[in-house]
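Residue strings, one per chain:
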Amino acid sequence: RPFWHFHPEIELVYVNKGQGKRHIGNHLSYFNNSQLLLIGANLPHTGFTDRLTTNGSETLIQFKEDFLGKDFVDLPEMQFVKSLFIKAKKGILFNVEAKKVIGPKIENLAEHEGMDRIIHFLEILKDLAHTKNYSLLNVDGFAFEIEPQDNNKIDIIFSFVNSNFKRPIPLDEIAEKVSMTVPAFCRYFKKSTNKTFTQFVNEFRIVHATKLLAENHSSI
């Protein structure tokens, strides 16, 4: 079942026939046919496809920005791909024209092996980097800018908010969860998200309220 999570890998998602919702950072929307998404590293999101239609499938590729070495993405020839990875931190939704061209290439990637698979994947990244047929989803939302050693700390914070956002969360309570003082926690969280903890929790609540209004008959 879909669940709310984040991870250091960039994620490329193609659904050829299906229905579901896009919950990425503070963005919430729905699709009713197909979709092609690129989700940046440490950008919180939930699973997408609620139902696959006839002959429908979902193809998902996860990879780290430096999967070909730490210096590869900094080569001059990779500048467009590096720019793509930066934009992906906001969540990229590609439109119909891009889906028609790139979607089948993503599905066919599993048919290739060894170095051929890497070469064809680089061709997909090239196509994604050069297309202008896209929109950014989580423009003003949050993503985590964290060091690998901080993954566990952020995961504790995120999981705690996910379980307790319906009640007040005092700063001293959440700071204690990660063994920090309140001032140290506030500095750390602002550095990691560019938001205060209060902003983060309020935006989390707004997204949840939006989801409830869209999916059931609750009153405002």
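All values derive from a computational prediction rather than experimental measurement.

**A few points about the overall build of the protein**
Along the protein, the regular secondary structure elements total 7 helices and 6 strands. Reading the secondary structure of the protein in the N-to-C direction produces β-β-β-β-α-β-α-α-β-α-α-α-α. For the protein, whose C-alpha radius of gyration is 19 Å, the value lies close to the compact-globule estimate of 17 Å for 220 residues. Summarising its shape, the C-alpha atoms of the protein cover approximately 50 × 45 × 25 Å along the three principal directions. When each of the 220 residues of the protein is scored for burial, the buried share is 42%. Looking at the protein alone, contacts between residues at least 24 apart form 72% of all its contacts between residues at least 6 apart. Once the 27 positive and 26 negative side-chain charges of the protein are each reduced to a mean point, those two points are 6 Å apart.

**What to know about the pattern of salt bridges**
Across all of its chains, the model carries 5 salt bridges by this definition. Here D66 and K70 are joined by a salt bridge, their closest N and O atoms 3.2 Å apart. D74 serves as the salt-bridge partner of K82, at 2.6 Å between the closest nitrogen and oxygen.

**Re the nonpolar core**
One finds L12, L84 and L128 to be the most contacted residues of the largest nonpolar core, which totals 24 residues. Every element with two or more residues in this core is listed here: strand 1 (10-24), strand 2 (27-39), strand 4 (58-63), helix 1 (79-88), strand 5 (92-94), helix 2 (96-108) and helix 3 (114-130). Among the elements that line this core, the one with the most residues is helix 3, at 5 residues. Counting residues in each nonpolar core, the second largest holds 21 residues, with I157, I174, F185 and V201 among its members.

**Structural notes on the environment of G40**
Of note, G40 is situated in the loop between strand 2 and strand 3 (49-52). Between the C-alpha atom of G40 and that of Y134, which follows or precedes it by 94 residues, the distance is 15 Å. Setting aside residues no more than four positions away along its own chain, G40 makes contact with E9, I10, A88 and K89.

**Digging into helix 3**
Every α-helical turn comprises 3.6 residues, leaving residues that sit three or four positions apart pointing alike. For helix 3, built from 17 residues, the straight-helix expectation of 24 Å at 1.5 Å per residue is met to within 8% by its first-to-last C-alpha distance of 25 Å. Along helix 3, the residues that are buried comprise F121, I124, L125, L128 and A129. What you see down the axis of helix 3 is that its buried residues fit within an arc of 135°, all on one side. Opposite the packed face of helix 3, turned more than 90 degrees from it, sit the exposed residues M115 and K126. On its buried face, helix 3 sits against strand 1, strand 2, strand 4, helix 1, strand 5 and helix 2.

**Side note on the packing of aromatic side chains**
If you walk through the whole model with that rule in mind, you get 15 aromatic pairs. On the numbers, 5.1 Å between centres and 55° between planes, the contact of F165 with F204 is tilted. With F165 in the loop between helix 4 (151-164) and helix 5 (171-177) and F204 in helix 7 (residues 197-215), the pair connects residues that are 39 residues apart, well separated along the chain. Each of the two residues, F165 as well as F204, counts as buried. Counting every residue linked through ring pairs, the aromatic cluster contains F6, F158, F165, F185, F189, F197, F200 and F204. If you follow K153 out to its NZ or CZ, it ends over the ring of Y188, 4.9 Å from the centre.

**Structural notes on the side chain of N16**
Mapping N16 onto the fold places it in strand 1. Within polar-contact distance, the side chain of N16 engages the side chain of E107 at 3.0 Å. When sequence neighbours within four positions are dropped, the list of residues in contact with N16 reads N33, S34, N55, G56, S57 and E107.

**Thoughts on a nonpolar patch on the surface**
Together, F67, L68 and I118 line one region of the surface with nonpolar side chains, adding up to about 210 Å² of accessible area. Along the chain, L68 falls in the loop between strand 4 and helix 1.

**A word on the pairing of strand 2**
One face of the sheet, then the other: side chains in a regular strand alternate in exactly this way. When you tally the buried positions in strand 2, you get 10 out of 13 residues, the bulk of the element. Looking at chain direction, strand 1 and strand 2 are connected through 12 bridges and run antiparallel. The residue bridging R22 from the neighbouring strand is S29, located in strand 2. The hairpin turn running from strand 1 into strand 2, its antiparallel successor, is 2 residues long, and G25 in that turn takes a positive phi close to 60°. With 3 bridges connecting them, strand 2 and strand 5 associate as antiparallel partners. When the bridges of strand 5 are listed, L38 appears paired with I92.

Reading the values: the criteria
Residues numbered from 1 in each chain as written. Predicted model: local features only at pLDDT ≥ 70, side-chain atom pairs only at ≥ 80, totals over all residues. Heavy atoms only, no water. Helix = DSSP H or I, 4+ residues; strand = E, 2+ residues; numbered from the N terminus. Rg over C-alpha atoms; globule rule 2.2 N^0.38 Å. Buried < 20%, exposed > 50% of the residue type's maximum accessible area, 1.4 Å probe, protein only. Contact = heavy atoms within 4.5 Å. Lys, Arg positive; Asp, Glu negative; His and termini not counted. Charge placed at Lys NZ, Arg CZ, Asp CG, Glu CD. Salt bridge = Lys/Arg side-chain N within 4 Å of Asp/Glu carboxyl O. Core = buried A, V, L, I, M, F, W, Y, C linked by side-chain atoms within 4.5 Å. Expected span 1.5 Å × (residues − 1). Arc of directions from axis to C-beta. Phe/Tyr/Trp six-rings, centres within 6.5 Å; stacked < 30°, edge-to-face > 60°. Lys NZ or Arg CZ within 6 Å of the ring centre and 35° of its normal. Polar contact = N/O pair within 3.5 Å; in protein donor to acceptor, adjacent residues only side chain to side chain. Patch = residues over 30% accessible without salt bridge, like charges linked within 9 Å, V, L, I, M, F, W, Y side chains within 5 Å. Areas by Shrake-Rupley, 256 points an atom, 1.4 Å probe, with all protein chains shown as cover. Pairing = 2+ DSSP bridges.

Note that all results are geometric; they support no functional claim without further evidence.
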